[in-house]
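# Results of the structural survey
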Amino acid sequence: PRATSAAAIMQPGPEAAGAAAPVKPLFGGCWSCRLLSGAGLLLAALWIYQGPRQSMKRGVPPSMAAIAQIT
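Note that the coordinates shown come from a computational prediction; the quantities given were computed from them, not determined experimentally.

### Side note on the overall build of the chain
For the chain, the helix and strand inventory stands at 4 helices and 0 strands. Here the chain holds 71 residues, and the buried ones make up 4% of them. Entry remark: accessible area of the chain is about 6600 Å², with carbon and sulfur atoms responsible for 69%.

### Thoughts on helix 3 (residues 31-57)
Taking 1.5 Å as the rise per residue, helix 3 with 27 residues should run 39 Å; its terminal C-alpha atoms sit 38 Å apart, in good agreement. The sharpest bend along helix 3 measures roughly 25° and falls at Gln50, with the proline Pro52 sitting one to four residues further on. Within two residues after helix 3, Gly59 carries a phi angle of roughly 100°, on the positive side.

### Section: the environment of Gln69
Topologically, Gln69 is positioned in helix 4 (residues 64-70). Gln69 gets classed as partly exposed once you look at its relative accessible area, which sits at 42%. The sequence separation of Gln69 and Ile48 amounts to 21 residues, and the corresponding C-alpha distance is 6.6 Å. Each residue touching Gln69, except ones within four places of it in the same chain, is listed here: Ile48 and Pro52.

### Topic: the confidence of the model for the chain
Looking at the chain as a whole, the pLDDT averages 78, with 68% of positions reaching at least 70. Of all helices and strands in the chain, the one with the weakest mean pLDDT is helix 2 (residues 14-17) (55), whereas helix 3 scores best (90).

### What about the side chain of Ser55?
Residue position: Ser55 is located in helix 3. Within the local environment of Ser55, its side chain forms a polar contact with the backbone oxygen of Pro52, the two atoms lying 2.8 Å apart.

### Examining the packing of aromatic side chains
Applying the stated criterion across every chain yields a total of 0 aromatic pairs. Lying over the aromatic face of Trp31, Arg34 brings its terminal NZ or CZ to 4.9 Å of the ring centre.

Each value, and the rule that gives it
- Residues numbered from 1 in each chain as written.
- Predicted model: local features only at pLDDT ≥ 70, side-chain atom pairs only at ≥ 80, totals over all residues.
- Heavy atoms only, no water.
- Helix = DSSP H or I, 4+ residues; strand = E, 2+ residues; numbered from the N terminus.
- Buried < 20%, exposed > 50% of the residue type's maximum accessible area, 1.4 Å probe, protein only.
- Areas by Shrake-Rupley, 256 points an atom, 1.4 Å probe, with all protein chains shown as cover.
- Expected span 1.5 Å × (residues − 1).
- Bend = angle between axes of the 7 residues up to and from the residue.
- Contact = heavy atoms within 4.5 Å.
- pLDDT = per-residue confidence, 0-100.
- Polar contact = N/O pair within 3.5 Å; in protein donor to acceptor, adjacent residues only side chain to side chain.
- Phe/Tyr/Trp six-rings, centres within 6.5 Å; stacked < 30°, edge-to-face > 60°.
- Lys NZ or Arg CZ within 6 Å of the ring centre and 35° of its normal.

Below is the structure:
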């Protein structure tokens, strides 16, 4: 039997050197998922924005938290 060094064992063979796996995009590139989650984020931002706006319409002076929510 031939003696092999540790460096020769750790090196990949020729079949693994040239074949790179294609990179798959995060979440698989599903446009319906992106549109649904984006619309959900926009609606959540609108919901948070409207809370202090309604209290200000009633004449309640805005607090620092309400100003932070609007910002």
